[in-house]
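# Fold and geometry: a report
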Amino acid sequence: MNYQRIVVLTGAGISAESGIKTFRDSNGLWNDHTIEDVATPQGFERCPQLVYDFYNARRKQLLSADVSPNLAHFALANIEKMIGNGLLLVTQNVDNLHERAGSKNVRHMHGVLQRARCIVSGKAINITGDFDQKLDCTCCYPSNRMRPDIVWFGEIPHYMDEIAEAISNCDLFVSIGTSGNVYPAAGFVALANRAGAHSVELNLEPSSGTNQFAQHHYGLASVIVPRFFNTITN
């Protein structure tokens, strides 16, 4: 393989084939709720139980027999096995499909659905079942409420310094299943290009930033992701 420092960015498109309903789908799980109600700090303060119920439902979806990693997830896990820490997998997704496929070096920039976070300290714990405002943290005295460990609109994504450093030093940047509309992730390709990395878009259709990529492949993630990574390893 000619590439030794790879950063992969994944978005909702890689999980759509795995049965994960996405925010922008017309039939998506978010469809009955506005962004302001379930994906902002203000919505949480206004009606916390609605927010808890919403994310409890999304968490349950992950446990469904209909939801499992697809070939794109497994392809990325296999590349990581080949080059180890030479691959950083940055995902905008809050599901656990990358981990279930075997990926370990994953950074969830928008949080993790199966975690709860203290509203004061920011410390998170793993949680797989339902929870609400009755769940108190164990990191503070007196205890404080726990919220879903999800980065809402208006909040700063996780791991931004680490991600920026990795992209600035990578020789291959691959964007998979993203719309190119949401910043800061939409700006990652420009950072990779400035670093002299080869940039590749793997998507169902061209994103809004498609002209910034040196290489493009369009189609189902389960098809084009394994195919692309096979070409750079053979």
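Report on the accompanying structure. Remember, it's a predicted structure, so these values are computed and weren't measured experimentally. (Residues numbered from 1 in each chain as written. Predicted model: local features only at pLDDT ≥ 70, side-chain atom pairs only at ≥ 80, totals over all residues. Heavy atoms only, no water.)

## Comments concerning the overall build of the protein chain
The helix and strand tally for the protein chain stands at nine helices and nine strands. When the backbone C-alpha atoms are referred to their principal axes, the protein chain occupies close to 55 × 35 × 30 Å. The buried share among the 234 residues of the protein chain stands at 50%. A separation of at least 24 residues holds for 65% of the contacts in the protein chain among residues at least 6 apart in sequence. The centroid of the 19 positive side-chain charges in the protein chain is displaced by 4 Å from the centroid of its 22 negative side-chain charges. (Helix = DSSP H or I, 4+ residues; strand = E, 2+ residues; numbered from the N terminus. Buried < 20%, exposed > 50% of the residue type's maximum accessible area, 1.4 Å probe, protein only. Contact = heavy atoms within 4.5 Å. Lys, Arg positive; Asp, Glu negative; His and termini not counted. Charge placed at Lys NZ, Arg CZ, Asp CG, Glu CD.)

## Observations regarding the sheet that holds strand β4 (residues 111-118)
Each strand in a sheet pairs with another by means of backbone hydrogen bonds, the pair being arranged parallel or else antiparallel. Strand order in the open sheet formed by three strands is β5-β4-β6, with antiparallel pairing between adjacent strands. Looking along the sheet, the strands with just one partner apiece sit at the ends: β5 (124-126) and β6 (146-150). Direction aside, the axes of adjacent strands within the sheet are offset by 45° on average. Judged from the three bridges that link them, β4 and β5 form a sheet pairing that is antiparallel. For R115, the partnering residue across the bridge sits in β5 and is N126. (Pairing = 2+ DSSP bridges. Axes fitted to C-alpha atoms, helices over the stretch in contact; angles between N-to-C directions.)

## Some words on the pattern of salt bridges
Under the definition given, this model contains seven salt bridges. In this structure, R115 and D149 form a salt bridge, with 2.7 Å as the shortest nitrogen-oxygen distance. Here D149 lies in strand β6 and R115 lies in strand β4, a separation of 34 residues in the sequence. Here D149 makes a salt bridge to R117, at a shortest N to O gap of 2.6 Å. Of this pair, D149 sits in strand β6 while R117 sits in strand β4, and the two are 32 residues apart along the sequence. Neither residue differs from the other here; D149 and R117 are each classed as buried. (Salt bridge = Lys/Arg side-chain N within 4 Å of Asp/Glu carboxyl O.)

## Details of the packing of helix α5 (residues 71-83) against helix α9 (residues 221-233)
Contact geometry for α5 and α9: axes closest at 7 Å, N-to-C directions at 25°. On the basis of their axis angle, the class for α5 and α9 is roughly parallel. α9 is crossed by α5, and the crossing has left-handed handedness. Along the contact surface, α5 presents L71, A72, A75, L76, I79 and M82, while α9 presents A221, S222, V225, P226, F229 and T233. Grouping the amino acids of the contact of α5 with α9 by side-chain chemistry returns ten nonpolar, two polar and no charged. (Parallel < 35°, antiparallel > 145°, perpendicular 65-115°, else oblique. Left-handed = near helix turned anticlockwise from the far one by under 90°. Nonpolar A, V, L, I, M, F, W, Y, C, P; charged D, E, K, R; others polar.)

## A short note on the packing of aromatic side chains
Summed over all chains, the structure comprises seven aromatic pairs. Between F173 and F213 the ring centres are 6.5 Å apart and the planes differ by 15°, which places this aromatic pair in the stacked class. With F173 in strand β7 (residues 172-176) and F213 in the loop between β8 (198-203) and β9 (215-218), this residue pair connects regions lying 40 residues apart in the sequence. Note on accessibility: F173 and F213 belong to one class, buried. Taken together, a centroid distance of 5.1 Å and an interplanar angle of 80° make the contact between F228 and F229 edge-to-face. Relative accessible area serves as the criterion here: at 4%, F228 is assigned to the buried category. Residue class for F229 comes out buried when judged on its relative accessible area of 2%. (Phe/Tyr/Trp six-rings, centres within 6.5 Å; stacked < 30°, edge-to-face > 60°.)

## Quick word on unusual backbone geometry
Following Y141, the chain continues into P142 via a peptide bond in cis, with omega recorded as 0°. Here the amide bond leading from Y183 into P184 is cis, since omega sits at 10°, within 30 degrees of zero. Locating P184 in the fold gives a position in the loop between β7 and α8 (188-194). Of note in this structure, Y159 is not a glycine but carries a positive phi near 65°. Residue position: Y159 is located in the loop between β6 and α7 (160-168).

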